[in-house]
Amino acid sequence: QVQLVESGGGLVQAGGSLRLSCAGAGRTFRTSAMGWFRQAPGKERDFVAAISWSGGTTDYTDSVKGRFTISRDNAKNTVYLQMNSLKPEDTAVYYCAARPNIVYGSRSPGAFSPWGQGTQVTVSS
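Quick notes on the rules
- Throughout, residues of each chain are indexed from 1 in the direction in which the sequence is written.
- Where totals are concerned, whole chains, interfaces and linings use all residues; where local detail is concerned, this predicted model gives features only for residues with pLDDT of at least 70, and gives and counts side-chain atom pairs only at 80 or more.
- To obtain the side-chain values, all non-hydrogen atoms of the structure were included, while hydrogens and water were left out.
- Strands are runs of DSSP state E lasting at least two residues, helices are runs of H or I lasting at least four, and both sets are numbered from the N terminus onward.
- When we talk radius of gyration, it's over C-alpha atoms, and the globule rule is simply 2.2 Å times the number of residues to the 0.38.
- The contact rule is simple, with two residues in contact once any of their heavy atoms fall within 4.5 Å.
- When charges are counted, Lys and Arg contribute as positive and Asp and Glu as negative, whereas His and the chain ends are disregarded.
- To locate a charge, take NZ of a lysine, CZ of an arginine, CG of an aspartate or CD of a glutamate.
- The buried label goes to any residue with under 20% of its type's maximum accessible area, the exposed label to any with over 50%, and the partly exposed label to all in between, with areas taken from a 1.4 Å probe on protein chains only.
- Pairing between strands is defined by DSSP: at least two bridges between the two strands are required.
- Here, a disulfide means two cysteine sulfur atoms that sit within 2.5 Å of each other.
- Only the stretch in contact is used when a helix axis is fitted, and all axes are lines through C-alpha atoms; the angle between N-to-C directions ranges over 0 to 180 degrees.
- In what follows, salt bridge is the name for a side-chain nitrogen of Lys or Arg lying within 4 Å of a carboxyl oxygen of Asp or Glu.

This brings us to the overall build of the chain. Each helix and strand counted, the chain has zero helices and ten strands in total. Put simply, the chain runs from its N terminus to its C terminus through helices and strands in the order β-β-β-β-β-β-β-β-β-β. In terms of C-alpha radius of gyration, the chain reaches 13 Å, essentially the compact-globule figure of 14 Å for 125 residues. Overall, the chain is about 40 × 30 × 25 Å in size when its C-alpha atoms are taken along their principal axes. Sequence-distant contacts in the chain: of pairs separated by 6 or more residues, those separated by 24 or more amount to 60%. Averaging the locations of the 13 positively and 8 negatively charged side chains of the chain gives two centres separated by 7 Å.

Put into C-alpha cells, the structure is as follows:
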C-alpha cells in the first residue's frame with residue numbers, strides 16, 4: 001500500500017512561491033492517480049489539483065489556474081505542487097492523496113485513499 005508524506009509548506013508573503021512535495025513509498029505509486037486538496041479552519045476540504053498516473057492529464061480548480069502547477073516524477077515516487085503568486089486565501093493545510101489502481105484523478109475527496117498527514121501553507125498579506 002502506498003504511503004504519502006508531504007513537505008515544503010511554510011510562511012510566505014503574498015505574491016511569493018512555494019513548491020510542495022509528496023513522497024510516496026510503495027510499488028503502487030506509479031499506477032496511482034494523485035491529487036492535492038486543502039482545508040482551512042472551519043471549512044471543508046476542497047479540491048486543488050489532480051494528475052493521472054502517467055502525468056498526461058491534469059485538472060485544476062478555477063481559483064488556482066494559471067498560478068499552480070501539478071506534476072509528478074514517477075522515477076522518484078514524488079508528486080509536486082508548484083504554487084506561484086500566492087494569495088492570503090490560499091492559506092490552508094495542504095494534503096496529497098492517492099487513487100491506487102485508477103488512471104484518473106477526481107475532484108471529490110472521498111475518491112481518494114490513502115492520504116498524507118498534510119503540510120501547513122500560510123500566506124501573509
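Read on, since the account is not over.
Our next topic: the pairing of strand 9 (residues 92–100). Buried residues dominate strand 9, accounting for seven of its nine residues. Taken together, the eight bridges between strand 4 (residues 32–39) and strand 9 define a ladder with antiparallel strand orientation. In the sheet register, Phe37 faces strand 9, and the bridge partner there is Tyr95. Of the strand pairs in this sheet, strand 9 and strand 10 (residues 119–124) are connected by three bridges, and their pairing is antiparallel. Counted as the bridge partner of Val93 is Gln120 from strand 10.

Here we come to the state of the cysteines. Here, disulfide denotes a covalent bond that connects the sulfur atoms of two cysteines. Inspection of every chain in the model, using the stated rule, returns one disulfide. Bridging Cys22 to Cys96, the disulfide has an S-S length of 2.0 Å. Handedness here is read from the sign of the S-S torsion; for Cys22 and Cys96, about 60 degrees, the answer is right-handed. Here Cys22 is found in strand 3 (residues 18–25), whereas its partner Cys96 is found in strand 9, with 74 residues between them in sequence. Judged by relative accessible area, Cys22 falls into the buried class, the value being 0%. With relative accessibility at 0%, the residue Cys96 sits in the buried group.

What follows covers the environment of Val93. One can find Val93 in strand 9. Separated by 25 residues in sequence, Val93 and Gly118 have C-alpha atoms that sit 5.9 Å apart. Once residues lying within four places of it in the same chain are set aside, the contact partners of Val93 are Phe37, Arg38, Gln39, Gly118, Thr119 and Gln120.

Take the sheet that holds strand 4 next. Ordered by their spatial adjacency, six strands build an open sheet running 2-10-9-4-5-6, and the pairing between neighbours is mixed. In this open sheet, the two edge strands, each paired with only one partner strand, are strand 2 (10–13) and strand 6 (58–60). With direction set aside, neighbouring strand axes in the sheet form an average angle of 25 degrees. Pairing of strand 2 with strand 10 involves four bridges; the strand directions are parallel. By the bridge assignment for strand 10, Leu11 is matched with Thr122.

In total, this model carries four salt bridges according to the counting rule given. The partner of Lys65 in a salt bridge is Asp62, with the nearest N and O atoms 3.0 Å apart.

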